[in-house]
Amino acid sequence: MIIARNKKAFFDYEILEKLEAGISLFGSEVKALRQARVNLKDSFVKIIKNEAFLFGMHISYLDTTNPYYKPNEKRDRKLLLHKKQIDKLFGQVSLQGLSIVPLKIYFNNKNKAKVEIALVKGKNLHDKRESIKKKILDKEALASLKNYYKG
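Model, not experiment: these values are computed from the prediction.

A. Here's a closer look at the pattern of salt bridges. Within this structure, the stated rule accounts for 6 salt bridges. Between lysine 88 and glutamate 17 there is a salt bridge, with the nearest N and O atoms lying 3.1 Å from each other. Of this pair, lysine 88 sits in helix H3 (residues 83-96) while glutamate 17 sits in strand E2 (residues 13-23); the two residues are 71 residues apart in sequence, bridging distant segments of the chain. According to the relative accessible area criterion, lysine 88 is partly exposed, its value standing at 45%.

Right under this line is the structure:
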């Protein structure tokens, strides 16, 4: 069950490799995720001291949360990855100048919150224009197919 997608990542970056990671959350944050109160828009992953952290993900707390216990909505959240995966990501980021961004957050079959992260390379302006043109052409093709089958 997909909760949120980072649509801006698909537009701004060229995706090279995808990876699934667990995420360390508080109980109230999991409840907020179930109600889809999350935003991945400007979030990114950074590796600090051989641990991966997700920065900038906004999980708004629920109205039913205890008023004395309201976690920081944009706090850094630790990603749960194997050491080999972290080393591989760190090597590619440091050597090739790539970035790591979250693409989507979802609950898997075992009802665990997971984040799909990706190793990405920034697009240039002309690449973005190309993706906009492709999207427009695809929409026009679908519209013409619908009109063709109606008539």
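B. Spatial organisation of the pairing of strand E4 (residues 44-48). Burial along E4 is one-sided: Val45 and Ile47 are buried, while Phe44, Lys46 and Ile48, pointing the other way, are not. For E4 and strand E5 (residues 51-55), the ladder comprises 5 bridges, and the chain directions are antiparallel. Paired with phenylalanine 44 across the two strands is phenylalanine 55, which belongs to E5. Counted along the chain from E4 to the antiparallel partner E5, the turn is 2 residues long, and its residue lysine 49 has a positive phi close to 50 degrees.

C. Just the layout of surface pockets, in detail. There is about 170 Å³ of room inside the largest pocket. Looking at the largest pocket, the residues that line it are Lys7, Phe10, Phe11, Lys123, Ser131, Lys134, Lys135 and Asp138. Looking at the lining of the largest pocket, the elements with two or more residues in it are helix H1 (7-12) and helix H4 (125-150). Sort the elements by how many residues they give to the lining of the largest pocket and H4 lands first, with 4 residues. When grouped by side-chain class, the residues that make up the lining of the largest pocket number 2 nonpolar, 1 polar and 5 charged.

D. Examining the nonpolar core more closely. Judged by nonpolar contacts, the single largest core of 29 residues is most densely connected at Leu33, Ile105 and Ile117. Elements with a minimum of two residues in this core: strand E1 (2-5), E2, helix H2 (27-34), E4, E5, H3, strand E8 (99-107) and strand E9 (113-122). The biggest single contributor to this core is E9, with 4 residues. Ignoring any residue separated from it by four or fewer positions in sequence, one finds isoleucine 117 in contact with Glu17, Lys18, Leu19, Val45, Leu79, Leu81, Leu89, Ile100, Val101, Pro102 and Leu103.

E. How the structure looks around the pairing of E5. The buried fraction of E5 amounts to 4 of the 5 residues, a majority that puts the element mostly inside the structure. Strand direction decides the pairing type here: E5 and strand E7 (residues 77-80), joined by 3 bridges, are antiparallel. The residue of E7 that forms the bridge with alanine 52 is leucine 79.

F. Region of the structure containing the sheet that holds E4. On the basis of which strands lie adjacent, the open sheet formed by 7 strands has the order E1-E8-E9-E2-E7-E5-E4 and antiparallel pairing. If you trace the sheet from one side to the other, it starts and ends with E1 and E4, each paired once. Sheet twist, expressed as the average angle between the axes of neighbouring strands with direction ignored, equals 40 degrees.

G. Inspection of the packing of aromatic side chains at higher detail. The full count for this structure, using the stated rule, is 1 aromatic pair. Seen from the ring of phenylalanine 26, arginine 75 lies directly overhead, with NZ or CZ sitting 4.2 Å from the centre. Between the NZ or CZ atom of lysine 104 and the centre of the ring of tyrosine 106, over which it lies, the distance is 5.7 Å.

H. Region of the structure containing empty space enclosed by the protein. All told, the structure shown has 1 cavity of 30 Å³ or more when counted by the stated rule. Considered as a void within the structure, the largest cavity measures approximately 50 Å³ in volume. Taken together, Ser28, Glu29, Ala32, Ile59, Ser60, Tyr61, Pro71, Asn72 and Glu73 make up the full set of residues lining the largest cavity. Per-element accounting of the lining of the largest cavity gives the leading share, 3 residues, to H2. Here the lining of the largest cavity is composed, by residue class, of 4 nonpolar, 3 polar and 2 charged.

Rules used throughout
- Each chain carries its own residue numbering, running from 1 in the written order of its sequence.
- Restriction of local features to residues with pLDDT of at least 70 applies here, the model being predicted, together with a cutoff of 80 or more for giving and counting side-chain atom pairs; totals for whole chains, interfaces and linings are based on all residues.
- Side-chain measures were taken over the full set of non-hydrogen atoms in the model, leaving aside hydrogen atoms and water.
- Throughout this description, the term salt bridge denotes a Lys or Arg side-chain nitrogen within 4 Å of a carboxyl oxygen of Asp or Glu.
- Strands are runs of DSSP state E lasting at least two residues, helices are runs of H or I lasting at least four, and both sets are numbered from the N terminus onward.
- Using a 1.4 Å probe on the protein chains alone, a residue whose accessible area is under 20% of its type maximum counts as buried, one over 50% counts as exposed, and one in between counts as partly exposed.
- Here, any two strands with at least 2 DSSP bridges between them count as paired.
- As defined here, a cavity is a set of points on a 1 Å grid over the protein atoms alone where a 1.4 Å probe fits but cannot get out. A pocket is an open set with protein on both sides within 12 Å along at least five of seven lines, and residues line them when an atom is within 4 Å of a point.
- Grid points are joined across faces, edges and corners, and a volume is the space filled by probe spheres set on the points.
- Side-chain classes are defined by residue name, with Ala, Val, Leu, Ile, Met, Phe, Trp, Tyr, Cys and Pro counting as nonpolar, Asp, Glu, Lys and Arg as charged, and the others, Gly among them, as polar.
- Residues enter a nonpolar core if they are buried and are Ala, Val, Leu, Ile, Met, Phe, Trp, Tyr or Cys, with the set joined through side-chain atoms within 4.5 Å.
- Contact definition: two residues touch when any of their heavy atoms are within 4.5 Å.
- A fitted line through C-alpha atoms represents every axis, and for helices the fit uses only the stretch in contact; the resulting angles, taken between N-to-C directions, go from 0 to 180 degrees.
- Two aromatic rings, drawn from Phe, Tyr or Trp (for Trp, its six-membered ring), form a pair once their centres lie within 6.5 Å of each other, and the interplanar angle then sorts them: stacked below 30 degrees, edge-to-face above 60, tilted otherwise.
- Ring-over charges, as used throughout, are those where CZ of Arg or NZ of Lys falls within 6 Å of the ring centre and within 35 degrees of the ring normal.

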